[in-house]
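Examining the three-dimensional arrangement
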Amino acid sequence: MNGELQNDDRRSELVGGQSPWAIVLSCADSRVVPELAFDTGLGELFVLRVAGNIANTDTIASIEYAVAHLGTGVIVVMGHESCGAVGAALAGGDNGYNLNHLLAQIEPAKAQAGSDDVNTVVKKNAELSANDLYDRSSIIKGAVDGGKLKIVSAFYNLGSGKVDFI
């Protein structure tokens, strides 16, 4: 990680505001750290992490804030190899109210992936979450349609640390 962008001087620069160049919607998995994956420092990424990188009301609202108020120009929806949330969705069963609610949001990817391979479903889930951002937000849709914002989906490889854009 770039040491110049994580020291006291950099923190001081950011006290008055932020202007991240990218928004990353990623899984909460402790092995997946967007700031490390993209070799960034303080203030460069606006990161939201939730199991299964789900585009839900709260993550969408947070992304809308970054688009509307910070002028961020790219959204990356990043799934990852061997995602436990996707694995749990594939396994099914009763995981309690809250986790069942989260896993239900992965069901469309499970149904559309054409495979029960966890990594295939992870990639489809990232793609569908990216589509949800556009479809469920007039702020995001307006920025994309106006040429001010791009949405991409990605897959993080745990073994190599490489990010594949899909």
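Right, let's walk through the structure included here. (Residues numbered from 1 in each chain as written. Predicted model: local features only at pLDDT ≥ 70, side-chain atom pairs only at ≥ 80, totals over all residues. Heavy atoms only, no water.)

1. Points about the nonpolar core
What counts, and what does not: Among the buried residues, those of types Ala, Val, Leu, Ile, Met, Phe, Trp, Tyr and Cys that are joined through side-chain atoms within 4.5 Å form a nonpolar core. Burial classes: relative accessible area under 20% of the type maximum marks a residue as buried, over 50% as exposed, and values in between as partly exposed (1.4 Å probe, protein chains only). Elements are defined by DSSP. Helices are runs of H or I of four residues or more, strands are runs of E of two residues or more, and each kind is numbered from the N terminus.
Formed by 34 residues in total, the largest nonpolar core has its most connected members in I23, I63, V67, I75, L133 and I140. Put simply, the parts of the chain that give this core at least two residues each are β1 (22–26), β2 (45–49), α3 (57–70), β3 (74–80), α4 (84–91), α5 (97–104), α7 (118–135) and α8 (138–145). With six residues, α7 is the single largest residue contributor to this core.

2. Some words on the pattern of salt bridges
To be explicit about the condition: One side-chain nitrogen of Lys or Arg within 4 Å of one carboxyl oxygen of Asp or Glu is enough to make a salt bridge.
The final tally for this structure, using the stated rule, is five salt bridges. E107 is the salt-bridge partner of K110, the closest N and O atoms lying 3.6 Å from each other. Of the two residues, K110 and E107 are both situated in helix α6 (residues 107–112); the distance of three residues between them amounts to about one turn of the helix. Accessibility expressed as a relative area gives 29% for K110, which makes it partly exposed. The class for E107 is partly exposed, based on a relative accessible area of 34%.

3. What to know about the packing of aromatic side chains
So the rule is basically this: Within 6.5 Å between ring centres, the rings of Phe, Tyr and Trp (the latter by its six-membered ring) count as paired, and their orientation is classed by plane angle as stacked under 30 degrees, edge-to-face over 60, tilted in between.
Using the criterion set out here, one finds two aromatic pairs in the structure. Ring plane angle 40° and centroid distance 6.2 Å describe the contact between F46 and Y65, whose orientation is recorded as tilted. One end of the pair, F46, is in strand β2; the other, Y65, is in helix α3, with 19 residues separating them in the sequence. Taking relative accessible area as the criterion, F46 reaches 15% and is therefore assigned buried.

From the geometry alone we can't say anything about function, so treat these as descriptive.
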